[in-house]
Amino acid sequence: MSGDKLPTLAILLPSGLFQVHVLTTGRTTIGRAPSNQVIVHDRRVSRVHAAITVEHAFVTIEDLGSTNGVWLNGRKLTQEPLTDGDVLTLGDSTLHFAWENPNDVCIEAEPMPSVPGLRLPGHESKDTE
């Protein structure tokens, strides 16, 4: 592995859902089938689409004969090494590869509903009647 950082895949699915997977040493398969370690719910992703192999600080991705291919930073591949910040496309899904610090905290904010008459400090506005 690369220092204290872990190889991570952040997946944006066509449905708008977001998944994050920390990859472990060895081979991780990606596809629609439940037998994969990373399951991608995308009709354009093959049942067993690709595999990522992690060996120490080296990470590679391999297309396992998928119908729609694996694209790395806009280029179709058969097998390639991955580096921090690479963007993969499988079907209609986008996968971001990064080396992440396991101590980093990710906070997701939800949109605040509109409240009639609510005025936040510093955001005064005039009523229009």
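Bear in mind the structure is a predicted one, so any value in this text is a computation, not a measurement.

Quick look at the overall build of the protein chain
Here's step 1: Helix and strand counts for the protein chain stand at 0 helices and 11 strands.
Here's step 2: Secondary structure elements of the protein chain, listed N to C terminal, follow the sequence β-β-β-β-β-β-β-β-β-β-β.
Here's step 3: The buried share of the protein chain, reckoned over its 129 residues, is 34%.
Here's step 4: In the protein chain, of all internal contacts separated by at least 6 residues, the share reaching a separation of at least 24 is 37%.

Regarding unusual backbone geometry
Here's step 1: Not every positive phi belongs to a glycine, and His 56 is a case in point at roughly 60 degrees.
Here's step 2: If you trace the backbone, His 56 turns up in the loop between strand E5 (50-55) and strand E6 (58-63).
Here's step 3: Under the relative-accessibility criterion, His 56 is labelled exposed at 62%.
Here's step 4: In this structure, Asn 73 takes a positive phi of about 50 degrees despite not being glycine.
Here's step 5: With respect to the element layout, Asn 73 can be found in the loop between strand E7 (70-72) and strand E8 (75-77).
Here's step 6: Given a relative accessible area of 46%, Asn 73 falls into the partly exposed group.

So, the confidence of the model for the protein chain
Here's step 1: The pLDDT averaged across the protein chain works out to 85; a share of 78% of its residues lies at or above 70.
Here's step 2: Taken as a whole, residues 123-129 scores under 50 in pLDDT and shows 2 contacts with residues more than four places along the chain or in a different chain.

Some thoughts on a nonpolar patch on the surface
Here's step 1: Together, Leu 12, Phe 18 and Val 20 make up an exposed nonpolar region whose accessible area comes to about 290 Å².
Here's step 2: For Leu 12, the location among the structural elements is in strand E1 (residues 6-12).
Here's step 3: A residue is classified by how much of its surface remains accessible, and Leu 12, at 38% relative accessible area, is partly exposed.

A short note on the sheet that holds strand E2 (residues 18-22)
Here's step 1: Strand order across the open sheet formed by 6 strands is E2-E1-E11-E10-E7-E8, with antiparallel pairing between neighbours. Pairing within the sheet leaves two strands with one partner each, and these edge strands are E2 and E8. Strand-to-strand twist across the sheet, computed as the mean angle between neighbouring axes with direction ignored, equals 30 degrees.
Here's step 2: Examined bridge by bridge, strand E10 (residues 87-90) and strand E11 (residues 93-100) share 4 bridges and lie antiparallel to one another. Each bridged residue has a counterpart across the sheet, and for Leu 90 the counterpart in E11 is Ser 93.

Let's talk about the nonpolar core
Here's step 1: Core analysis: the biggest nonpolar cluster contains 22 residues, and Leu 9, Ile 30, Ile 52, Ile 61, Leu 82, Leu 88 and Leu 90 have the highest contact counts within it.
Here's step 2: Broken down by secondary-structure element, the contributors of at least two residues to this core are E1, E5, E6, E7, E10 and E11.
Here's step 3: Sequence-distant contacts of Leu 90, defined by excluding residues within four places in its chain, comprise Ile 30, Asp 42, Val 45, His 49, Ala 50, Gly 69, Val 70 and Leu 95.

Rules behind the numbers
- Residue numbering note: each chain is counted from 1, following its sequence as written.
- Two thresholds apply to this predicted model, a pLDDT of at least 70 for residue-level local features and 80 or more for giving and counting side-chain atom pairs, whereas whole-chain, interface and lining totals are computed over all residues.
- Note: side-chain values were computed over all heavy atoms of the structure, leaving out hydrogens and water.
- Note on conventions: DSSP H or I runs of at least 4 residues are helices, E runs of at least 2 residues are strands, and numbering of each starts at the N terminus.
- Burial status follows relative accessibility: with a 1.4 Å probe on protein chains alone, a residue under 20% of its type maximum counts as buried, one over 50% as exposed, and anything between as partly exposed.
- Contacts are residue-level and defined by heavy atoms, with any inter-residue pair within 4.5 Å sufficient.
- Note: pLDDT gives the predictor's confidence per residue, expressed from 0 to 100.
- Residues form patches when they are more than 30% accessible in relative terms and have no salt bridge. Like charges link within 9 Å. Nonpolar side chains (Val, Leu, Ile, Met, Phe, Trp, Tyr) link within 5 Å.
- Note on areas: these come from Shrake-Rupley sampling with a 1.4 Å probe, and a residue is covered only by the protein chains present in the view.
- A carboxyl oxygen of Asp or Glu within 4 Å of a side-chain nitrogen of Lys or Arg is what we treat as a salt bridge.
- A pair of strands is considered paired only if DSSP assigns at least 2 bridges between the two.
- To get an axis, a line is fitted to the C-alpha atoms, and for a helix only the part in contact is used. The angle between two axes follows their N-to-C directions and goes from 0 to 180 degrees.
- Nonpolar cores are built from buried Ala, Val, Leu, Ile, Met, Phe, Trp, Tyr and Cys residues. Side-chain atoms within 4.5 Å join them into one set.

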